[in-house]
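Take a look at the letters that make up each chain.
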Amino acid sequence: MVGAIRTIGHEERLSLVDHLDELRTRLIISGVVLAVAFGFCLWQNHALLNVINEPLRSQTRKQVAKGQGTTGQAVLAQRGLVKVAEDTQAALALLVRPGSGLTSQTRAQLAPLIALLSADVANIPREPVGDNPVTLGIGEPFTTTITVTLYFALIISLPVILYELYGFILPALKPNERRAAVPLLTAVPFLFVAGVLFGYFVVLPAAVRFFVNFNSSQFNVLVQAGPYYSFAATVLLAMGLVFQIPVVILGATRVGLVTPRQLRKNRRYAILACAAVAAFLPGDAITLLLETVPLYVLYEASILLATFVRPADVNLRDEGATRASGTGHPEEDPAPSPDDPAEATVQQIIDHVDPKL
């Protein structure tokens, strides 16, 4: 197991059995970490359920305060009960006073009732609480708790799983490829966590607010636990993947598929793409802006980082193209160099096919 933790060099030669043994060991390590994370999350399942239920509770609390839904009707009944209890308490207080016309013995019997009534009224909640997801089946609370526990366990153990995957693939890369891959792979878990946090604090509350409040006056909204947790997990996972945009752009730049000059030139399309992704997610206009800005900031940060990590031959080619254009602006397409044999050959073929070109 110690051998699987260390990184195997590119020059080392391993047999098929050795590779399978290394893969087995790394899978065992990942499974053990996942099991430990699952046990910890199962131990803290009440706290995890409170965390994932908070967006739903905070968005339904306003509906409950207005008396909408089943919980809202119960809140209205509580308010009426509190009002009746307070009025009864005030009436009893007047009756136990001397001069109320009651005998001292009757007033002495009413005094303990006032104390009991005050204690009961104090136990009635004053602030409306939001709805929790509902379960319908007899075993659904257990299965739903296990599902939520597994979601959180995967998120917690993801850095170790990615490290083991990286350690298994890394020996196949050449030293120069390894230097390019290490920063990208290192950034993956951090960007994923950042995307999950952004999804939890920005996207998920907006989505829940949109769906729960849509025609809420026409329905008694009861959110089922299973679909809600699946929806929340999908939103968080989608934002974690969307935040991998810098890794994708840096990888494409590193292998030479795109250049920072091309990325800067296509900024307008990037803005439209970020707005389209944000519009696909439910929410209002303010939420659309809050979701578009971070995505575009990631795009600009990717361009900035790609300028420093692109290969040296791409740097030289862009500089030569810029000098050949005579403009000094990297955003403009350079004119083809007449000394380039490939360009000259292509031009000869074009002239031969159609001299007018």
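Up top you'll find the structure we're talking about.
The structure displayed is predicted, hence computed values, not measured ones.

Hey, could you run me through the overall build of the protein in this one?
Broken down by element type, the protein carries 14 helices and 0 strands. Tracing the protein from N to C terminus, the helices and strands come up as α-α-α-α-α-α-α-α-α-α-α-α-α-α. Look at the contacts in the protein between residues 6 or more apart in sequence, and 76% of them connect residues 24 or more apart. Accessible surface computed for the protein: about 21,800 Å², of which carbon and sulfur atoms make up 68%.

How do you make sense of the side chain of Thr149 when you look at a structure like this?
By secondary structure assignment, the location of Thr149 is in helix α6 (residues 140-169). Judged by relative accessible area, which is 1%, Thr149 ranks as buried. With near-sequence residues (within four places) excluded, Thr149 lies in contact with Phe38, Cys41, Leu42 and Asn45.

Before we go on, may I ask you to explain the pattern of salt bridges in this structure?
Where charged atoms from two side chains of opposite charge approach closely, those side chains can pair. Taken as a whole and assessed by the stated rule, the structure comprises 5 salt bridges. A salt bridge links Arg24 to Asp21; the shortest N-O distance between them is 2.6 Å. Note that Arg24 and Asp21 are positioned in helix α2 (residues 16-43) at a spacing of 3 residues, about one turn of the helix. Glu54 serves as the salt-bridge partner of Arg57, at 3.2 Å between the closest nitrogen and oxygen.

How do you make sense of the side chain of Glu140 when you look at a structure like this?
Checked against the element boundaries, Glu140 lands in helix α6. For Glu140, which is buried and forms no salt bridge, the nearest opposite charge comes from Arg57, at a distance of 16 Å. A polar contact of 2.9 Å, which involves the side chain of Glu140, links it to the backbone nitrogen of Leu136. Only 3.5 Å separates the side chain of Glu140 from the side chain of Gln224, close enough to count as a polar contact.

For this particular structure, what's the right way to read the packing of aromatic side chains?
Between two aromatic rings, the relevant description is the distance of the centres plus the angle of the planes. Under the definition given, this model contains 7 aromatic pairs. An angle of 25° between the planes, with centres 6.2 Å apart, marks the rings of Tyr296 and Tyr299 as stacked. One end of the pair is Tyr296 and the other is Tyr299, both in helix α12 (residues 285-309) and 3 residues apart, which spans about a single turn. Given a relative accessible area of 9%, Tyr299 falls into the buried group. Through pairs of rings, three or more aromatic residues link up here, namely Phe210, Phe211 and Phe231.

Sorry if this is basic, but what is going on with a nonpolar patch on the surface here?
A cluster of nonpolar side chains, Leu16, Leu20, Leu23 and Leu27, forms an exposed patch at the surface whose accessible area comes to about 400 Å². Positionally, Leu16 belongs in helix α2.

Is there a simple way to explain the nonpolar core in this structure?
Side chains of a nonpolar character, in soluble globular proteins, are inclined to be buried together. Counting 20 residues, the largest nonpolar core has Ile52, Val148, Val208 and Tyr229 as the members making the most contacts within it. Of all the elements in the fold, those that place two or more residues in this core are α2, α3 (45-65), α6, α7 (175-213) and α8 (225-242). Counting residues per element, this core draws most heavily on α7, which supplies 6 residues. Among all residues touching Val208, those that are not within four sequence positions of it are Pro55, Leu56, Gln59, Asn213 and Tyr228. Ranked by size, the runner-up nonpolar core spans 8 residues in total, among them Phe198, Phe243, Cys274 and Leu298.

Would you explain the environment of Leu204 in this entry?
By the element assignment, Leu204 lies in helix α7. For Leu204 and Pro55, which are 149 residues apart along the polypeptide, the C-alpha to C-alpha distance reads 7.1 Å. When residues no more than four places from it in sequence are discounted, the contact partners of Leu204 are Pro55, Gly199, Phe231, Ala232 and Val235.

Help me understand the packing of α6 against α8, please; the structure alone is not making it clear to me.
Axes are the key here: two packed helices are described by the angle between their axes and the distance separating the axes. Closest axis-to-axis distance for the α6/α8 pair is 10 Å, and the angle between their directions is 10°. The orientation of α6 with respect to α8, classified from their angle, is roughly parallel. Contacts between α6 and α8 pair Glu140, Thr144, Val148 and Tyr151 from the former with Ala225, Gly226, Tyr229, Ser230 and Ala233 from the latter. When the residues that make up the contact of α6 with α8 are grouped by side-chain class, the tally is 5 nonpolar, 3 polar and 1 charged.

When you look at helix α11 (residues 267-280) in this model, what are you seeing that I'm missing?
Since there are 3.6 residues in each turn of an α-helix, residues three or four apart along the chain are aligned in direction. For α11, built from 14 residues, the straight-helix expectation of 20 Å at 1.5 Å per residue is met to within 8% by its first-to-last C-alpha distance of 20 Å. Those residues of α11 lying buried are Ala270, Cys274 and Ala278. Take α11 and look down its axis: the buried residues cluster within an arc of 70°, on one side only. Structural note: α11 exposes Arg268, Tyr269, Leu272, Ala279 and Phe280 on the side pointing more than 90 degrees away from its buried face.

Just to check I follow, could you spell out the environment of Gln262 for this structure?
Structurally, Gln262 is set in helix α10 (residues 260-265). Overall, Gln262 belongs to the partly exposed group, its relative accessible area being 36%. For the pair Gln262 and Ile303, spaced 41 residues apart in sequence, the C-alpha separation works out to 9.6 Å.

Is there a simple way to explain the environment of Phe243 in this structure?
Position of Phe243 among the secondary structure elements: in the loop between α8 and α9 (245-254). Relative accessible area serves as the criterion here: at 7%, Phe243 is assigned to the buried category. Residues Phe243 and Gly195, spaced 48 residues apart in sequence, show a C-alpha to C-alpha distance of 5.3 Å. Apart from the residues lying within four places of it in its own chain, the contact partners of Phe243 are Leu191, Ala194, Gly195, Phe198, Leu295 and Leu298.

The rules behind these values
- Residues numbered from 1 in each chain as written.
- Predicted model: local features only at pLDDT ≥ 70, side-chain atom pairs only at ≥ 80, totals over all residues.
- Heavy atoms only, no water.
- Helix = DSSP H or I, 4+ residues; strand = E, 2+ residues; numbered from the N terminus.
- Contact = heavy atoms within 4.5 Å.
- Areas by Shrake-Rupley, 256 points an atom, 1.4 Å probe, with all protein chains shown as cover.
- Buried < 20%, exposed > 50% of the residue type's maximum accessible area, 1.4 Å probe, protein only.
- Salt bridge = Lys/Arg side-chain N within 4 Å of Asp/Glu carboxyl O.
- Lys, Arg positive; Asp, Glu negative; His and termini not counted.
- Polar contact = N/O pair within 3.5 Å; in protein donor to acceptor, adjacent residues only side chain to side chain.
- Phe/Tyr/Trp six-rings, centres within 6.5 Å; stacked < 30°, edge-to-face > 60°.
- Patch = residues over 30% accessible without salt bridge, like charges linked within 9 Å, V, L, I, M, F, W, Y side chains within 5 Å.
- Core = buried A, V, L, I, M, F, W, Y, C linked by side-chain atoms within 4.5 Å.
- Axes fitted to C-alpha atoms, helices over the stretch in contact; angles between N-to-C directions.
- Parallel < 35°, antiparallel > 145°, perpendicular 65-115°, else oblique.
- Nonpolar A, V, L, I, M, F, W, Y, C, P; charged D, E, K, R; others polar.
- Expected span 1.5 Å × (residues − 1).
- Arc of directions from axis to C-beta.

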